[in-house]
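Structural overview
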Amino acid sequence: MTELTEIKKQDLLYQGKAKEMYTTNDPDILWVHYMDQVTALNGKKKVQMKDKGKTNCAISARLFTELREQGIVNHFIEQLSPTDQLVQKVTIIPLETVVRNYASGSFVKRYQTEYLQKFDQPVIEFFYKSDELDDPFLNDDDALALGVATREQMAQIRQLALKVNRLLSQIFAKMNVLLVDFKLEFGLSTAGDVILADELSPDNCRLVDLDTKQSLDKDVFRKGLGQMVPVYEEILQRLQKEEER
Ligand SMILES: Nc1ncnc2c1ncn2[C@@H]1O[C@H](COP(=O)(O)OP(=O)(O)OP(=O)(O)O)[C@@H](O)[C@H]1O
Ligand SMILES: [Mg+2]
């Protein structure tokens, strides 16, 4: 492996909606740049917000580090600058794994349940990562039929998602924040292991203040509830405060 200090950014591999992924001089390492862009409705609503990239980069780095310490193997290597980090390159499994503790978002829309209704046990949902198809809902058998993952990988993903849920729920509870739901992406390492990848930030989690029930996540933008970046900064500050304890 190349010494981390010798890692150089090379070509833009993928221009996403929230991040730019670059190759580096190490074939197993990607350079991630967190952008100030915010999108919703699969890119239909798009704006620039100053400091959004660095806030999410910092939150993600902290949560990945915390999860690693608690035994969750993940792609995070190190933070390079306020907006950039190095990650292990994986082959992304084209699934969005959603874990829900309380009803919100598309669950409420689909089943007409009450917002923030508590589930007796976490609900795991899968969506097929496909922009053309608009990320449709799919179940384990669909994923097998489409060749997206094996039966064993699906079982592993479920197990990992539940463990991440327990750990993140604890972390946020200490910050007086309810983890309503969140989305994970997993990938395969060159060795074939399932590894947690992508991003852990208020872009991908629904977070609600335990006292005020105020949204502290991208719903602020989706629903036009006010300034989004200060809310993300609030999450980062609460994380930093917990770290200092
Ligand atoms: N460790 C990794 N190795 C390879 N690809 C990764 C890794 N972590 C995340 N990715 C992928 O890099 C991209 C990150 O960019 P971004 O989150 O901006 O994408 P996006 O606009 O949400 O698009 P997508 O629909 O592809 O997720 C995603 O496609 C994600 O799946
Ligand atoms: Mg994304």
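About the cut-offs
- Residues numbered from 1 in each chain as written.
- Chains lettered and ligands numbered in written order.
- Predicted model: local features only at pLDDT ≥ 70, side-chain atom pairs only at ≥ 80, totals over all residues.
- Heavy atoms only, no water.
- UniProt positions renumbered as here; feature names shortened; annotations may be inferred.
- Helix = DSSP H or I, 4+ residues; strand = E, 2+ residues; numbered from the N terminus.
- Rg over C-alpha atoms; globule rule 2.2 N^0.38 Å.
- Buried < 20%, exposed > 50% of the residue type's maximum accessible area, 1.4 Å probe, protein only.
- Contact = heavy atoms within 4.5 Å.
- Areas by Shrake-Rupley, 256 points an atom, 1.4 Å probe, with all protein chains shown as cover.
- Phe/Tyr/Trp six-rings, centres within 6.5 Å; stacked < 30°, edge-to-face > 60°.
- Lys NZ or Arg CZ within 6 Å of the ring centre and 35° of its normal.
- Axes fitted to C-alpha atoms, helices over the stretch in contact; angles between N-to-C directions.
- Parallel < 35°, antiparallel > 145°, perpendicular 65-115°, else oblique.
- Left-handed = near helix turned anticlockwise from the far one by under 90°.
- Nonpolar A, V, L, I, M, F, W, Y, C, P; charged D, E, K, R; others polar.

- For the chain, an unreviewed UniProt entry supplies the name Phosphoribosylaminoimidazole-succinocarboxamide synthase and the organism Ligilactobacillus salitolerans.
- Comment text from UniProt for the chain, heading Catalytic activity (unreviewed entry), reads "5-amino-1-(5-phospho-D-ribosyl)imidazole-4-carboxylate + L-aspartate + ATP = (2S)-2-[5-amino-1-(5-phospho-beta-D-ribosyl)imidazole-4-carboxamido]succinate + ADP + phosphate + 2 H(+)".
- Per its UniProt entry, the chain bears the Pathway (unreviewed entry) comment "Purine metabolism; IMP biosynthesis via de novo pathway; 5-amino-1-(5-phospho-D-ribosyl)imidazole-4-carboxamide from 5-amino-1-(5-phospho-D-ribosyl)imidazole-4-carboxylate: step 1/2."

**Considerations on the overall build of the chain**
- Along its length, the chain carries 6 helices and 14 strands.
- Expected size for 245 residues packed as a compact globule is a radius of gyration near 18 Å; at 17 Å, the chain falls within 12% of this value.
- Across its three principal axes, the chain shows a C-alpha extent of roughly 50 × 45 × 40 Å.
- Here the chain holds 245 residues, and 50% of them are scored as buried.
- Put simply, of all contacts in the chain between residues at least 6 apart along the chain, 55% involve residues at least 24 apart.
- Counting only carbon and sulfur atoms, one obtains 50% of the accessible surface of the chain, whose full area is about 12400 Å².

**Focus on the packing of aromatic side chains**
- According to the stated counting rule, one finds 4 aromatic pairs in the structure shown.
- When the centroid spacing of 6.4 Å and the interplanar angle of 5° are considered together, the rings of phenylalanine 64 and phenylalanine 76 count as stacked. Of the two residues, phenylalanine 64 sits in helix 1 (residues 52–69) while phenylalanine 76 sits in strand 6 (residues 76–81), which places them 12 residues apart along the sequence.
- A residue is classified by how much of its surface remains accessible, and phenylalanine 64, at 0% relative accessible area, is buried.
- Every member of this aromatic cluster is reached through a ring pair, and the members are Phe107, Tyr111 and Phe119.
- If you follow lysine 19 out to its NZ or CZ, it ends over the ring of tyrosine 34, 5.9 Å from the centre.
- Over the face of the ring belonging to tyrosine 115 we find lysine 223, whose NZ or CZ atom lies 5.2 Å from the ring centre.

**So, the packing of helix 1 against helix 4 (residues 151–174)**
- Where helix 1 meets helix 4, the closest approach of the two axes is 11 Å, and the angle between their N-to-C directions is 120°. The pairing of helix 1 with helix 4 is recorded here as oblique in orientation. Two packed elements cross with a definite hand, and for helix 1 against helix 4 that hand is right-handed. Each of Leu63, Glu66 and Leu67 in helix 1 lies in contact with helix 4, whose residues at this interface are Val164, Leu167, Leu168, Ile171 and Phe172.
- Here the residues of the contact of helix 1 with helix 4 sort into 7 nonpolar, no polar and 1 charged.

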